[in-house]
Amino acid sequence: MHHGSKNFDVTAPRSRFYQGGFGRIFADLDPWAPEGVPDHQLEEHFLKFASEEMVEFPGKKPEEIIISDSTADAGNPNSPLNSAMPSGYVYFGQFIDHDLTLDVTPLSDAELDPNRLHNFRTPRLDLDCLYGMGPDAQPHLYQHDSTTGAFTGKLLVTPITGPDLGTLAGKLFDLQRNSEGKALIGDPRNDENSIVAQIHLAFTLAHNKLVDIAFSKAPAGKPISATEAFNQARKTLRWLYQWIVWNDFLMRIADKGVHNAALARKKQADGRHIWKPGYDDVYSWKNQPFMPLEFSVAAYRFGHSMVRNAYQTNVRKPPAGVGVFFPIFNKNHSSDLISGKPLDVRRVLQWDWFFQMKSSVQNFPQRARKIDTKLSNALMFLSEDPQSPADPTKVLNVLAARNLTRGVRMKLPSGPDVARHLGVPVVALNAKEPETLWYYILKEAEQTGGNHLGDVGSIIVCATFAGILKGDPLSWFNQQPLWSPNDDPLLKDQSFNEDGGNKGNPQWGFPAIIRMSGLPFDGSLFFVPQPAPPQPVTA
């Protein structure tokens, strides 16, 4: 899980006339820095604060917590540390982030040209992390007929192999990988941990299913080409993805009133319907959407506080099973959920343990941690420092310290200043607490109970997503404002939406992607048939 290098000196211009990959939405507010702390002591200052004040269980190693992390606590929304949100949405949020942003500008170049911090990922919800540059530019991502070499319209996946598959042989899949185990996908960051990797896999298989449906729905006597099937499937999956982001993911993480106000469909006098952003005074753009630093460096990093130390993966025991927890990070990269290697049975996700589905039972799905100022101990023991991996005295290994430092180095305004600028109530901080925008947004959410963002966090996040969706000329918000998955030619009359309305799930939420993909969502596939008991011998 790579969260950037130690060098935080990348900047973005403060001018409101600038239009580029990254920009600012509160450019007129003064940057905040801790009083009396020189720049060269920032890392040490924030490392001390993060280690003492921003960890769930101070002084404990993650493995000590995993041992005591009971099954009941993992799935209990009433636990003091848990939110009501299924834990899978944390990693879906990471997938969305990778679809929106990618900066591969060398830091040395950014320092030479501080007016250019380039976003190589289009700031659109268009699944370019899945499709890459398309089948012509990146044919290695796509499936071709083994005999003719012709493009089939599908993305490549590979079956999972291994000696412990048993009855699962031929039923489980992984991302396609090279000889070193690295995933060959549109965005290699989606292989940082196996939860995000399997979300990427779910979208890959969902696309392939839609290609099959496109072929099957072609009019009799008028077969369509593989390219036509590909284009139909890509359009449907992109629009469904946008629907899920807005109507499922954001509905869960943002204040309901802010979410409703951020983007609303308005009927015009001539009868047309147009989607209108409600916070275009907060996030507005001239020629094309840009990625606000206040979003990418602060507000959208709320998910870091929702990560658990470990997760149960599936019911197959051994090697997994109920009560068997796999750490999200581990300094030895053993028995953990770090990816970059072929998937095996113990790390294959049973999806009703991560999202609310009709088959979810007892203490499942596992819950995300609350959005608050405490991060799991695992995020203090990362392996980002090449000389001292998992050493909690090194700033690169302590995610909270890095986030705090980055906010100051990026010259972001304080949280209280942003709240006053937006005209919302200011959350009180004590003398020890930093006013960095990221920390303030966590504190604000903590004050509301930790199940969703507060005013400042909700406005920044919803305004940015609304602006991006309206700024994409190919989004369904612009192309077909009345579009619904129920009316889509490839989705209607399908059974993918069986979990809609189930215990808070909206119609066409993320579980529809899982059902469409055909990945195992309940325990039935994982059970190992037991041999029949011997029958008594009769004379």
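Preceding this section is the structure that the text describes.
Residues numbered from 1 in each chain as written. Predicted model: local features only at pLDDT ≥ 70, side-chain atom pairs only at ≥ 80, totals over all residues. Heavy atoms only, no water.

Draft legend 1. Just the overall build of the protein chain, in detail. Looking only at helices and strands, the protein chain has 16 helices and 12 strands in total. By the burial criterion, 57% of the 539 residues in the protein chain qualify as buried. Of all intrachain contacts in the protein chain linking residues separated by at least 6 positions in sequence, the fraction that spans at least 24 positions is 70%. Accessible area of the protein chain: about 22600 Å², with a carbon and sulfur share of 52%. (Helix = DSSP H or I, 4+ residues; strand = E, 2+ residues; numbered from the N terminus. Buried < 20%, exposed > 50% of the residue type's maximum accessible area, 1.4 Å probe, protein only. Contact = heavy atoms within 4.5 Å. Areas by Shrake-Rupley, 256 points an atom, 1.4 Å probe, with all protein chains shown as cover.)

Draft legend 2. Molecular detail of the nonpolar core. Counting residues in hydrophobic clusters, the biggest one holds 158 residues, and the most contacted among them are Phe92, Ile96, Phe203, Val456, Phe465 and Phe510. Take this core: its biggest share by element is 15 residues, from helix 8 (residues 226-253). (Core = buried A, V, L, I, M, F, W, Y, C linked by side-chain atoms within 4.5 Å.)

Draft legend 3. Expanded view of helix 7 (residues 194-216). Here helix 7 spans 33 Å end to end across 23 residues, near enough to the 33 Å set by a 1.5 Å rise per residue. Within helix 7, 19 of the 23 residues are buried, leaving the element largely enclosed by the surrounding structure. Its side-chain oxygen placed 3.0 Å from the backbone nitrogen of Ile195, Asn193 serves as the N-cap of helix 7. (Expected span 1.5 Å × (residues − 1). Polar contact = N/O pair within 3.5 Å; in protein donor to acceptor, adjacent residues only side chain to side chain.)

Draft legend 4. Here's a closer look at the environment of Val157. Assignment of secondary structure puts Val157 in strand 5 (residues 157-159). In sequence terms Val157 and Ala183 are 26 residues apart; their C-alpha atoms lie 10.0 Å from each other. Setting aside chain neighbours within four positions, we find Val157 in contact with Phe173, Asp174, Gln176, Leu201, Thr204 and Leu205.

Draft legend 5. Fine view of the pairing of strand 8 (residues 273-277). Relative to strand 8, strand 7 (residues 263-267) is paired through 5 bridges, and the arrangement is antiparallel. Across the sheet, Arg265 pairs through a bridge with Trp275, a residue of strand 8. Linking strand 7 to strand 8, which pair antiparallel, is a turn of 5 residues; within it Gly271 sits at a positive phi near 95°. (Pairing = 2+ DSSP bridges.)

Draft legend 6. Representation of unusual backbone geometry within the structure. The step from Lys317 to Pro318 runs through a cis peptide bond, and the omega angle for that step is -10°. Along the polypeptide, Pro318 turns up in the loop between strand 10 (310-311) and strand 11 (326-327). For the bond running from Pro318 to Pro319, omega is 10°, close enough to zero to count as cis. Its location among the elements puts Pro319 in the loop between strand 10 and strand 11. Its identity is not glycine, yet Leu127 carries a phi of approximately 60°, on the positive side. Here the phi dihedral of Asp493 falls at roughly 70°; this positive angle occurs in a residue that is not glycine. Relative to the elements of secondary structure, Asp493 occurs in the loop between helix 15 (476-479) and helix 16 (511-517). For Asp493, a relative accessible area of 74% gives the class exposed.

Draft legend 7. Up close: the pairing of strand 4 (residues 151-155). Of all 5 residues making up strand 4, 5 are buried, and the element is well covered by its neighbours. As judged from the 2 bridges shared by strand 3 (residues 142-144) and strand 4, these two strands associate in the antiparallel manner. Residue pairing in the sheet places Tyr142 in a bridge with Leu155 of strand 4. Turn length for the strand 3-strand 4 hairpin, with the two strands adjacent in sequence and antiparallel, is 6 residues, and the turn residue Gly149 shows positive phi of about 80°.

Draft legend 8. Examining the packing of aromatic side chains more closely. Throughout the structure, instances matching the rule amount to 33 aromatic pairs. Taken together, a centroid distance of 5.7 Å and an interplanar angle of 80° make the contact between Tyr142 and Phe230 edge-to-face. You can see Tyr142 sitting in strand 3 and its partner Phe230 sitting in helix 8, a full 88 residues away along the chain. Here Tyr142 falls in the buried class, since its relative accessible area comes to 1%. (Phe/Tyr/Trp six-rings, centres within 6.5 Å; stacked < 30°, edge-to-face > 60°.)

Draft legend 9. Examining the pattern of salt bridges more closely. For the coordinates displayed, the defined rule picks out 21 salt bridges. A salt bridge links Asp472 to Arg124, with the nearest nitrogen and oxygen atoms 4.0 Å apart. Residue Asp472 is found in the loop between helix 14 (455-471) and helix 15, and its partner Arg124 is found in the loop between helix 5 (107-112) and helix 6 (128-131); the two are separated by 348 residues along the sequence. Taking relative accessible area as the criterion, Arg124 reaches 28% and is therefore assigned partly exposed. Asp499 is paired through a salt bridge with Arg515; the nearest N and O atoms lie 2.4 Å apart. Taken as a pair, Asp499 in the loop between helix 15 and helix 16 and Arg515 in helix 16 lie far apart in primary sequence, 16 residues in all. Residue Asp499 shares its accessibility class with Arg515, and that shared class is buried. The network of salt bridges with shared partners includes Glu56, Asp73, Arg308 and Arg369. (Salt bridge = Lys/Arg side-chain N within 4 Å of Asp/Glu carboxyl O.)

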